[in-house]
Structures are given as C-alpha cells and as structure tokens.
Amino acid sequence: MSRGLQRTLLAVCLGAGLVLLGGCKGGPEGDAQAKAPGAEKADEAVPVEVAKASRRSIAASYTGTAPLEARAESQVVAKTSGVALDVLVEEGQHVKAGQVLVRLDPDRARLQAAQSAAQMRKLEANYKRSQALVGQQLISANDMDQLKYDLENARAVNNLANLELSYSNVVAPISGVIASRSIKTGNFVQINSPIIRIIDDSRLEATLNVPEREFATLKAGQPVLMQVDAQPGKTFQGTVDRVAPVVDSGSGTFRVVCAFEGAGTLQPGMFGRIRIDYDQRADALVIPRLALLDDQGDPAVFVVRNGKAVRAPIKVGYTDGEWTEVRGGLQLGDAVVTAGKVALREGSSVQVINGAPAAKAVAVSAPGKDGKQ
C-alpha cells in the first residue's frame, strides 16, 4: 500500500472517531434540551377557580314582565252640560263612591223640573175631579182614560227633569284616587265629556301572557315576587289571582293575572319584573350555573380530581338564579370548575387559585328576564 493511500485512510478513521465521540458526549444533553420545552409545557398547570357542590333550597319558577294596572278604573263623564261652579277634588285625593266631585250650574234643570211639576199637579187635579163625574155619567170612559194617560206622561216628564237636575252634581262611581282632572272652576262642560279619572289603587294587577307549555304548572294561589324600577332593592309579594282557562290560538299563550296589595309604594303604571314559584325543593344538590360547559350536547362540568380536570356529564334539574340543581353525575363536595374552564381539556393539570367555597343557603333570587328558570 502506498504512503498516500495510508494517510487518506488514517484521516477518514480519525474523522469518524471524532464524530462518534461528539455524538456520545452530547447525546443525553441534547435529548434533555430537546425535550425540556415540551415537558415544561405538558407539566404547566392551568389556573382555575372552583366551587363545591352543596345543598340548598331551590325553586322552579316562571319569570316575566308586565305593567301594573288598577283593578277598577272609571272615566267620569258629565251627564249634562253646564258651567262648572265648583270643582271639589284635586289629583291624588282619595274619594268614596257617591261623593260629589263637581257642581255644575243647575238653574236650567231646576226650572225644567219646576215646570214639569206644575203640569203634573194640574193633571192630578183634573183627574180627581173627573173621577167624581164618572159616577154621575157626566164624562165618558174614553175621556177618563185620556186624562189618566196624560197624568202618567206628566209624572214621567217630571221624573226625567228631576233626574236631569241631579246630574248637575257629578259624583264618583267608585272609590279610589283621583288620577287626573281635566276641568277647572268656570269651565263650560259639554254633556258626555270626560272630566275626571278615578282609579282604585287598593289592589293592583299585572297580566302575563305565558307560553302554553306552562299551562299545567301555573295555578291560582301560587306565590308571586315582583320588583319595580321605581323601588330598587325591594321585593313585593303577591299571588296568582286567576288563570285563563283557554290558550289563545293566535299567539299560543294564555293569560295569568297576578294581584298585589296597593295603596302604598306600588302605583298603577309601574313596570314590574315578576316571578312565579310553582315548585320548590328544600334540600337539593346544587352547583353554580357558571360551572356548566357551553356544549351543544348533554350538560357537563369539569371536576377537579387529584389535580386533574375530569369532564363529568351531569343531569340537571331546576335553575334558580345563579344556582343549578344537579340530579345526577356529582356527589356532595365535588369541586367543579367555575372559571378557567375554556382552557381545559380532559386530563389537564389545574392549579386551584381559590378556596373552593361551598354554596351558601341564601334567599330566593330576584326575578330576571322573561322566560322559565
């Protein structure tokens, strides 16, 4: 073998040895460096907030909105025309049925009543004299009947004139409060013109148009809770007064009338957010409503077990405000994820950043938007 070929073979062997030595020396460190980012990412825990499944009372309810209306309302009209001599009431004043509200000028009606009374007395005297002549056969039976009918007509005219005279005093047809007054003293009032509006605010009503799917659940006598914007923070109690026995075929709804005590802070025209509780469970297993996953399929939650997120399908019952009843799939004390669930997958490591508070037994929540809870 020539010397040049020997040098070439020696260089090749030395190069291969160096490559092999470098590969053996840097192999473990290189693998560690390659795996380190992935391992750190796999071991990174997702921060979440959790709440423990606990027991509390929960109610099934229907909520809706409706304006308050007075149970009775009357638009008082003038039954005769004339000048208003005296207006005896002001807006906001309470009145009783039969109380005089306005006095109209009665002079014309009084004169007509006096005229008809005089005509009636004249016919009464003629009729009495005629009765004495009947026995003497000095007056015919036909004339006697005519006098009788004329007297009856005169009495009717006099009664009508007295009725017209009574209309000069405009009285309240119902008891209530004066809601509006459209005349002042000295105004000329036309017959049948509305002058005063009275509402009976002792009891107020709110009418809900409820979908027919709730027809079997809502009954008269069920408790009702209501809030109004004019009284923030206050909840008013009432009852379902009556339920329509039929469903409107055009809208697919039926009428539910709720009654509330008035004559206080509640006034007709206020807009109420109404809640009707039709069933209640005193010791239900509940979780926060926020824990439910936004899946299109069956309801489910993420449960924290051994530091991992486990997706658990559940069976839900009633929803009451911020709480949802769990009818199956969870046990008392299970920690469900309420915040941070968007970043979770099945088996993800989690870091709980709150103390997993249990649901507290609180009062029934206030009515929300339209719909069934």
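What comes next concerns the included structure. In this text the structure is predicted, and so the values were computed from the model without any measurement. (Residues numbered from 1 in each chain as written. Predicted model: local features only at pLDDT ≥ 70, side-chain atom pairs only at ≥ 80, totals over all residues. Heavy atoms only, no water.)

1. Regarding helix α3 (residues 141-166)
Between its first and last C-alpha, α3 extends 38 Å over 26 residues, near the 38 Å set by a 1.5 Å rise per residue. Along α3, the residues that are buried comprise M144, L147, L151, A154, N158 and A161. (Helix = DSSP H or I, 4+ residues; strand = E, 2+ residues; numbered from the N terminus. Expected span 1.5 Å × (residues − 1). Buried < 20%, exposed > 50% of the residue type's maximum accessible area, 1.4 Å probe, protein only.)

2. Things to note about the sheet that holds strand β8 (residues 188-189)
The four strands are arranged β6-β5-β3-β8 in an open sheet whose pairing can be described as antiparallel. Of all the strands in the sheet, just β6 (169-171) and β8 have a single pairing partner and so form its edges. Of the strand pairs in this sheet, strand β5 (residues 100-104) and β6 are connected by three bridges, and their pairing is antiparallel. Bridge pairing in β6 places V100 opposite V171. (Pairing = 2+ DSSP bridges.)

3. Observations concerning the pattern of salt bridges
Under the definition given, this model contains 14 salt bridges. The shortest N-O distance in the salt bridge between R327 and E325 comes to 2.9 Å. Here R327 falls in the partly exposed class, since its relative accessible area comes to 49%. Given a relative accessible area of 2%, E325 falls into the buried group. (Salt bridge = Lys/Arg side-chain N within 4 Å of Asp/Glu carboxyl O.)

4. Here's the deal with the environment of T65
Along the chain, T65 turns up in strand β2 (residues 54-77). With a relative accessible area of 29%, T65 lands in the partly exposed category. Residues T65 and L208 lie 143 residues apart in sequence; the distance between their C-alpha atoms is 7.1 Å.

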